[in-house]
Structures are given as structure tokens and as C-alpha cells.
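# Results of the structural survey
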Amino acid sequence: MSVCNGFNNHQNGSTDTDDHNGCSYETLLQTAQYIQSRIPHEPKVGIICGSGMGAYWHEGSLAEALGNKVIIPYHDIPNFPVSTVEGHAGQLVFGTLSNIFVVCMQGRFHYYEGYPLWKCAMPIRVMKLIGVEFLIATNAAGGINTAFMEGDVMLIKDHINMMGFAGNNPLQGPNDNRWGPRFPPMNRAYDAGLIHEAKQIWKQEHLEGRLFDGVYTCLGGPNFETVAELRMLKLLGVDAVGMSTVHEVLTARHCDMTVLAFSLITNVCVMDYQDHDTMPSHEEVMDVGKVRQGTLKLFVEKIVAYIAENRLNKK
Ligand SMILES: O=P(O)(O)O[C@H]1O[C@H](CO)[C@@H](O)[C@H]1O
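Sequence order sets the numbering: in each chain, residues are counted from 1 along the sequence as written. Given that this is a predicted model, residues contribute local features only at a pLDDT of at least 70 and side-chain atom pairs are listed and counted only at 80 or more, while totals for whole chains, interfaces and linings are drawn from all residues. Water and hydrogen atoms were dropped before computing side-chain values, which therefore reflect all heavy atoms in the structure.

With an unreviewed UniProt entry as reference, the chain is termed Methylthioadenosine/purine nucleoside phosphorylase, source organism Holotrichia oblita.

### Here we look at the layout of surface pockets
Approximately 530 Å³ is the volume found for the largest pocket. Every definition here rests on a 1 Å grid over the protein atoms only: cavities are sets of points where a 1.4 Å probe fits but cannot get out, pockets are open sets enclosed by protein on both sides within 12 Å along at least five of seven lines, and lining residues have some atom within 4 Å of a point. Every residue lining the largest pocket is counted, 31 residues in all, and those nearest its centre are Phe224, Glu225, Met243, Pro280 and Val285. Among the elements that make up the lining of the largest pocket, the one with the highest residue count is strand β7 (residues 134-143) (four residues). By the convention adopted, Pro, Cys, Tyr, Trp, Phe, Met, Ile, Leu, Val and Ala count as nonpolar, Lys, Arg, Asp and Glu as charged, and the other residues, Gly among them, as polar. Tallied by class, residues from the lining of the largest pocket come to 16 nonpolar, eleven polar and four charged. Grid points are joined across faces, edges and corners, and a volume is the space filled by probe spheres set on the points. Going along the chain from the N terminus, every DSSP run of H or I of four or more residues is numbered as a helix, and every run of E of two or more is numbered as a strand.

### A look at the pairing of strand β8 (residues 153-160)
Along a regular strand, successive side chains alternate from one face of the sheet to the other. The classification of residues rests on relative accessible area computed with a 1.4 Å probe and restricted to protein chains. Under 20% of the type maximum is buried, over 50% is exposed, and intermediate values are partly exposed. Most of β8 is tucked away: six of the eight residues are buried. Strand pairing requires that DSSP identify at least two bridges connecting the strands. Bridge count for β8 against strand β9 (residues 211-218) is seven bridges, and the pairing is parallel. Each residue of the ladder has a partner; that of Met154, found in β9, is Phe212.

### What to know about empty space enclosed by the protein
Taken as a whole and judged by the stated rule, the model has three cavities of 30 Å³ or more. Of the pockets and cavities examined, the largest cavity occupies roughly 40 Å³. Forming the boundary of the largest cavity are Leu117, Asn161, Met163, Asn168, Pro170, Cys218, Val246, His247 and Leu250. Element by element, the count of residues in the lining of the largest cavity is highest for helix α8 (residues 246-254), at three residues. Here the lining of the largest cavity is built from residues that sort into six nonpolar, three polar and no charged.

### Observations regarding the nonpolar core
One finds Ile47, Phe94 and Phe299 to be the most contacted residues of the largest nonpolar core, which totals 85 residues. The element best represented in this core is helix α9 (residues 282-310), accounting for seven residues. In what follows, residue pairs with any heavy atoms lying within 4.5 Å of each other are defined as contacts. Beyond its immediate stretch of four places on either side in the chain, Ile47 contacts Leu62, Leu97, Val102, Val103, Cys104, Met105, Ile136, Val300 and Val304. If you look at the next biggest cluster of nonpolar residues, it comprises eleven residues, including Ile144, Ile160, Met162 and Leu230. Joining through side-chain atoms within 4.5 Å is the link that ties buried Ala, Val, Leu, Ile, Met, Phe, Trp, Tyr and Cys residues into a set, and such a set is a nonpolar core.

### Points about the side chain of Thr245
Relative to the helices and strands, Thr245 resides in the loop between β10 (240-242) and α8. One polar contact links Thr245 to Ser244, side chain to side chain, over a distance of 3.0 Å. Residues contacting Thr245, with those up to four places away along its chain left out, are Arg108, Ala137, Asn139, Ile156, Tyr216 and Ala261. Any pair of nitrogen or oxygen atoms within 3.5 Å is treated as a polar contact; in protein, a donor-acceptor pairing is required on top of that, and neighbouring residues in sequence qualify only through side-chain atoms on both sides.

### Let's talk about the pattern of salt bridges
Salt bridge criterion: a side-chain nitrogen from Lys or Arg within 4 Å of a carboxyl oxygen from Asp or Glu. Following the criterion strictly, the structure yields nine salt bridges and no others. Its salt-bridge partner being Arg210, residue Asp152 comes within 2.8 Å of it at the nearest N-O pair. Of this pair, Asp152 sits in the loop between β7 and β8 while Arg210 is found in the loop between α6 (192-204) and β9, placing the two residues 58 residues apart along the sequence. Given a relative accessible area of 3%, Asp152 falls into the buried group. Here the salt bridges share partners, and the residues they tie into one network are Glu26, Asp176 and Arg178.

### Some remarks on α8
Among the nine residues of α8, eight are classified as buried, and the element is accordingly described as predominantly covered. Among all positions in α8, only Val246, His247, Glu248, Val249, Leu250, Thr251, Ala252 and His254 are buried. Looking at the residues trailing α8, positive phi occurs at Asp256, about 65 degrees.

### Let's talk about unusual backbone geometry
Of note, the amide linkage connecting Gly221 to Pro222 takes the cis form, showing an omega dihedral of 5 degrees. Along the chain, Pro222 turns up in the loop between β9 and α7 (227-236). For Asn99, which is not a glycine, the phi torsion comes out positive at approximately 70 degrees. For Asn99, the location among the structural elements is in the loop between β5 (91-97) and β6 (100-106). The phi torsion at His206 lies on the positive side, around 50 degrees, for a residue other than glycine.

### Considering the site of the ligand
Being near a molecule or strand, for a residue, comes down to having at least one heavy atom within 4 Å of it. Around the ligand there are 13 residues in total, and Ser51, His110, Tyr112, Ser244 and His282 lie nearest to it. Within the backbone of Ser51, an N or O atom sits 2.8 Å from an oxygen atom of the ligand. Contact distances for the ligand include 2.9 Å between an oxygen atom and a backbone N or O atom of Ala140. With respect to the detected pockets, the ligand is housed in the largest pocket. Elements that contribute at least two residues to the shell around the ligand include exactly β7 and α9. In terms of residue class, the shell around the ligand is made up of five nonpolar, seven polar and one charged. To qualify as sitting in a cavity or pocket, a molecule needs more than half of its atoms within 2 Å of the grid points.

See the structure below:
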């Protein structure tokens, strides 16, 4: 029986099943070919614009700033999921940034939307097929590290795959070696050289606000965490918590992309039972994102310029 699970498959007539056939190498080649027919160049850098960074179409957002834009809504792309999160534009935006051709995912896919993790992460494989070698993943996250304040930025130096502990991983199922190995290493998931350069850029450009590095974890959501859950995450060494990114990074590293990721701390997590007033909300997350997007846009532009000048064609 065909199950409607959010795939936009009306264009190729494929059967919608909940197994990995919806994401086979051959299927995604069709998706990539469709995209390639609409763009003038290969993008080498892919940027995921999360809730903290213009996932919504907003004046001044990174995606809006690209030159010579080609915009492809997710619902036009064969086999692509569609965005259901409030505020997520749900489109690929191609164009030039720091003189190179890039692609921005404006809005991403989350487990809480009802998609299995492999489906949440399938755009990464599509990016790989159209030429992307470097992934810059951004997200909004709650600050667990007590030094963090709203508006801080945390370069992700590592993650704890909590959903993986529960046996849920985007790489589950048959492994196609054309993507990568069955047992990919993850001890160097986040590129140390790019983290170092990103810190230099933040300083040299005098970007507004504070930059840290730290450990991110993704929970399934959609609810924000209880006090006890947050205290447990703190004990485990987590600095920031969100509901995305880890499945994308696992998939990107599996197919040998170089990854840089950062979180915008949109709220300080409530870790105290005495605090009866503070309530996290998605509205707050989006508001802080809007306030900080000018700085983050500059940050990403400079990181892309660094990659273009120093890392492309040198992998
Ligand atoms: O991770 P991104 O998509 O940036 O968004 C974060 O913000 C949303 C909650 O407000 C959740 O989707 C969480 O993951």
C-alpha cells in the first residue's frame, strides 16, 4: 500500500513507501538531474539556513543576499520532502556568495515533522550529487552551558547523537557504497581547520557578540525539554540542545563532505525549578534569529570566502 509521508513524488510517479527506496542512489540521481537542469553552475558549498538564520524569507537574510538567484521551492523538486515548520520558507536558493556559486537550504527537515531521519537528511545526498563538497550547517539552539547568553554563537566542535543511542540513525538500512562506507568514523565530524579559521574570522571582522565552541545534541522534539532532561544533558557534557543538524552531519560525513556547523543560542535553557516565568517558544527563537541574522550573514560570507580561496580544489 502506498503511504503518504510527505514526499513530493507527483512528478515522477514513484511509489511512496516508508523504506529507503524513496532515497535510493538512482532516485536521487533523478532529483539531482532536475536541479541541474535549472542551475547554471555546480555549487561547491551548501549552507543550511536554520531557524536561527533566515530559514524564513526575510529581508537581510543570507539566502536573500545571494547574487543572480535561482530559487527552487521544495514542492517543485521530485522526491523532495516539504517543509512544515512555521517560518521555514522551504526552498533551495542558488546564487553567488563571496564570488562563488553556492546553494542555501532555506528551511530543513526535522524528525518531529514526521519524517524518518534518512528522509530528513536526504537533501544532503542531493547536494553531494550536484557537486557540494563543503557543508555549513546552522541552527537555533537552547544554551545549556551556564556561560551562554541569548544571541551567542557556538561553533559545534562535536555532537552527542542522543537519537542514535536510542537506535535511530539516518544511515540505518542497506548501505550503498556509492555514498560511503558501512561504518563511517565520526571522531573528526567537524573540520578542526575550519573551526580555527571561523574563530579567526570572527575576531578579524570584529563581529558583534560572543563566539564559543561546544558540544551540540539533537533531541527528537517537538517539545522543549524538561528541567530534569536539561540537567541530564548538562551532566553529559552538552553545551547546546536543538532538534536538528546531527542527522545532516552524519549523512554529510558519510559521503565525505567537509563540515562546519554553528548554533545561534536563541534562548537560555531553564534549568531551575524556581524559575516560574521563563518559557521557551518558537517565536522567541525566530525573533532572536532575526536580530542576529545580519552578523551571521557576514560570518558565513567570510567563511565561504575563506573556503573559496584556500580549500576548494585542495581536498
Ligand atoms: O534546528 P533549527 O531548524 O534551526 O530549529 C530549532 O528551532 C526550532 C524550535 O524553535 C526547532 O526546529 C529547533 O531544531
